[in-house]
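Chain and residue survey
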Amino acid sequence: MGHLKHKNLITTTERLRDQVAHALRAALISGELRPGEVYSAPGLAEDFGISATPVREAMLDLAREGLVEPVRNKGFRVTEVNERDLDQYTEIRALIEVPMIGRITRTAAREDLEVLRPIVEEIVRAARGHDLIAYLEADRRFHLSLLALSGNDRLVETVGDLRKRSRLYGLTALDENDQLTPSAEEHLELLDLMLSGDAEAAERCMARHLGHVRSLWAEGASAASR
């Protein structure tokens with residue numbers, strides 16, 4: 001005990017790595033980092049005013065999430081998502097999530113559903129407050145926490161992976177046009193329907209919500225390309 005004199009450096013590095021990853025996700029969402037473009041860790045590190053190591057580590061984290069892909073001796077390319085990808089991701093999510101929402105509505109305890117209300121309110125608050133990172137993070141927590149009530153961990157992992165691969169591009173333009181707030185408010189509608197026990201209506205709401213999200217993805221990707 002007490003022989004690792006540099007143990008605090010690990011904590012500091014991890015915190016910086018997380019901070020850089022957070023900033024890079026924000027740049028991806030805003031469209032500042034463009035799909036298909038290759039970015040080097042040293043180049044990004046110069047922008048941040050830090051060494052390249054935490055940037056490289058953060059980029060590797062994003063690569064595991066499917067947001068970027070390594071390019072040998074060059075850096076990392078921002079993963080491109082085309083219309084076909086978006087259609088396929090949406091179709092798979094609908095096949096999984098829509099019937100699962102009905103099942104959870106029929107089987108979950110009302111108190112377990114009600115626990116999710118603060119997250120839904122956080123989604124709406126973030127959308128109205130133009131906080132895109134908070135919006136996406138709260139949206140992720142709500143949907144995955146809701147699916148976790150099914151008791152199927154693999155299902156949650158699968159949907160989580162699909163969500164990472166179908167993240168939004170160019171959300172800034174959509175946010176400026178207040179197109180995110182209606183989508184955010186659909187979460188309130190969904191939760192209320194589930195609490196009322198109306199499984200069929202909850203399934204319809206979920207299907208409609210995924211359709212709206214698909215439209216936002218397409219508009220975001222189009223905005224980013226422009």
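Residues numbered from 1 in each chain as written. Predicted model: local features only at pLDDT ≥ 70, side-chain atom pairs only at ≥ 80, totals over all residues. Heavy atoms only, no water.

As recorded by an unreviewed UniProt entry, the protein chain carries the name GntR family transcriptional regulator and is attributed to Streptomyces huasconensis.

What follows is about the sheet that holds strand β2 (residues 68-71). With antiparallel pairing, 3 strands are arranged side by side in an open sheet as β1-β3-β2. Of all strands in the sheet, those bounded by a partner on one side alone are β1 (38-39) and β2. Bridge count between β1 and strand β3 (residues 75-78): 2 bridges; the pairing is antiparallel. Note on β3: the bridge partner recorded for Tyr39 is Phe76. (Pairing = 2+ DSSP bridges. Helix = DSSP H or I, 4+ residues; strand = E, 2+ residues; numbered from the N terminus.)

On to the pattern of salt bridges, then. In the structure shown here, the tally under the stated rule is 15 salt bridges. Note that Glu97 and Arg93 form a salt bridge whose closest N and O atoms lie 2.5 Å from each other. With Glu97 and Arg93 both in helix α4 (residues 83-107) and 4 residues apart, this pair spans about one turn of that helix. Among the residues examined, Glu97 registers a relative accessible area of 1% and is labelled buried. A salt bridge links Arg154 to Glu157; its shortest N-O distance comes to 3.1 Å. Residue Arg154 and its partner Glu157 are both found in helix α8 (residues 153-165); the two are separated by 3 residues, about one turn of the helix. (Salt bridge = Lys/Arg side-chain N within 4 Å of Asp/Glu carboxyl O. Buried < 20%, exposed > 50% of the residue type's maximum accessible area, 1.4 Å probe, protein only.)

Relative to β3, β2 runs antiparallel, the two being bridged by 4 bridges. Its bridge partner lying in β3, Glu69 is registered against Arg77. The antiparallel hairpin formed by β2 and β3 contains 3 residues in its connecting segment, where Asn73 sits at a positive phi of about 65°.

Overall, the predicted model of the protein chain reaches an average pLDDT of 85, with 85% of residues at or above 70. Across the protein chain, helix α5 (residues 110-114) holds the top mean pLDDT of 97, while helix α9 (residues 171-176) sits lowest at 69. This stretch, residues 1-10, has a pLDDT under 50; its non-local contacts, to residues over four places away or in other chains, come to 0 contacts. (pLDDT = per-residue confidence, 0-100. Contact = heavy atoms within 4.5 Å.)

Let's shift gears to unusual backbone geometry. Positive phi is not limited to glycine here, since Asn73 has a value of about 65°. Its location among the elements puts Asn73 in the loop between β2 and β3.

What follows covers helix α6 (residues 117-128). Here α6 is 12 residues long and its end C-alpha atoms lie 17 Å apart, about the 16 Å a rise of 1.5 Å per residue gives. The positive-phi residue at the C-terminal boundary of α6 is His130, with phi of around 60°. (Expected span 1.5 Å × (residues − 1).)

Moving on, we come to the side chain of Arg163. Mapped onto the elements of the fold, Arg163 is located in helix α8. A polar side-chain atom of Arg163 sits 2.4 Å from a polar atom in the side chain of Asp139. If we skip the residues at most four places from it in the chain, Arg163 touches Arg93, Leu136, Asp139, Arg140, His143 and Leu144. (Polar contact = N/O pair within 3.5 Å; in protein donor to acceptor, adjacent residues only side chain to side chain.)

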